Amino acid sequence: MKYLLMLFENEKAWDALPQEEAQKVLEEYAAFSESIEKSGNNIAGEALQPTSTATTVRVRDGKRLTTDGPFAETREQLGGFFLVEAKDLDEAIALASRIPAARSGCVEIRPVMDYSDVMG
């Protein structure tokens, strides 16, 4: 089963990290990425640019509306994701618990919908 592991952290706290600490965390991400690649769990993963680069799109009454930035102010922002293959939720939780963001923010796990189950 595919799971999306979404990484939420406080951008301001990340920006305030001393260079050495930030480098250590980036090395941890690289090690995690390498380990899930070797184990066959990795499908995809990327870091995202800061929320200041985001654009939100809505269509209301047939009119497209765009807004700079994310929809809502939050303490933690979506900073990246891993798309993984896991045998079940327990394995997805085990993978998520190894991601550095789980220590300083949170990792939200969402099963990816299998349309063959829905569409028959």
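Residues numbered from 1 in each chain as written. Predicted model: local features only at pLDDT ≥ 70, side-chain atom pairs only at ≥ 80, totals over all residues. Heavy atoms only, no water.

Draft legend 1. Just the overall build of the protein, in detail. Looking only at helices and strands, the protein features five helices and six strands. Mapped in sequence order, the helices and strands of the protein form the string β-α-α-β-β-β-β-α-α-β-α. Principal-axis analysis of the C-alpha atoms gives the protein an extent of 50 × 45 × 20 Å. The buried share of the protein, taken over its 120 residues, is 24%. Pairs at least 24 residues apart make up 75% of the contacts formed inside the protein by residues separated by at least 6 positions. Accessible surface for the protein amounts to roughly 8,700 Å². Of this, 53% is attributable to carbon and sulfur atoms. (Helix = DSSP H or I, 4+ residues; strand = E, 2+ residues; numbered from the N terminus. Buried < 20%, exposed > 50% of the residue type's maximum accessible area, 1.4 Å probe, protein only. Contact = heavy atoms within 4.5 Å. Areas by Shrake-Rupley, 256 points an atom, 1.4 Å probe, with all protein chains shown as cover.)

Draft legend 2. Representation of the side chain of Gln-77 within the structure. With respect to the secondary-structure elements, Gln-77 resides in strand E5 (residues 77-85). The class of Gln-77 is buried, set by a relative accessible area of 15%. At a separation of 2.9 Å, a polar atom in the side chain of Gln-77 contacts the main-chain amide nitrogen of Glu-11. Non-local contacts of Gln-77, meaning those with residues more than four positions away in its chain, are made with Leu-7, Phe-8, Glu-9, Asn-10, Glu-11 and Thr-51. (Polar contact = N/O pair within 3.5 Å; in protein donor to acceptor, adjacent residues only side chain to side chain.)

Draft legend 3. Spotlight on the packing of aromatic side chains. Counting across every chain of the model gives one aromatic pair. Between the aromatic rings of Phe-32 and Phe-82, the centroid separation amounts to 5.0 Å while the plane-to-plane angle is 75°, which identifies the pairing as edge-to-face. Of this pair, Phe-32 sits in helix H2 (residues 19-39) while Phe-82 is found in strand E5, placing the two residues 50 residues apart along the sequence. (Phe/Tyr/Trp six-rings, centres within 6.5 Å; stacked < 30°, edge-to-face > 60°.)

Draft legend 4. Local environment of the nonpolar core. Among the nonpolar cores identified, the biggest contains 16 residues, and Leu-5, Tyr-29, Phe-82, Val-84 and Ile-99 are the most heavily contacted of them. Looking at this core, the elements that each hand over two or more residues are strand E1 (2-9), H2, E5 and helix H3 (89-96). Sorting elements by how many residues they give to this core places H2 first, with four residues. When near neighbours in sequence (up to four residues on either side) are disregarded, Tyr-29 contacts Leu-7, Glu-9, Phe-82, Ile-99, Pro-100 and Ala-101. (Core = buried A, V, L, I, M, F, W, Y, C linked by side-chain atoms within 4.5 Å.)

Draft legend 5. Just unusual backbone geometry, in detail. In this structure, Asp-61 takes a positive phi of about 50° despite not being glycine. Overall, Asp-61 belongs to the exposed group, its relative accessible area being 80%.

Draft legend 6. Molecular detail of H3. Residues of H3 that are buried include every one of Ala-92, Leu-95 and Ala-96, and no others. Taken end-on, H3 shows its buried residues confined to a sector of 95°, consistent with a single buried face. In this structure, the buried residues of H3 make contact with E1, H2, E5, helix H4 (101-104) and strand E6 (106-111). Where H3 starts, the residue carrying a side-chain oxygen 3.2 Å from the main-chain nitrogen of Asp-90 turns out to be Asp-88. (Arc of directions from axis to C-beta.)

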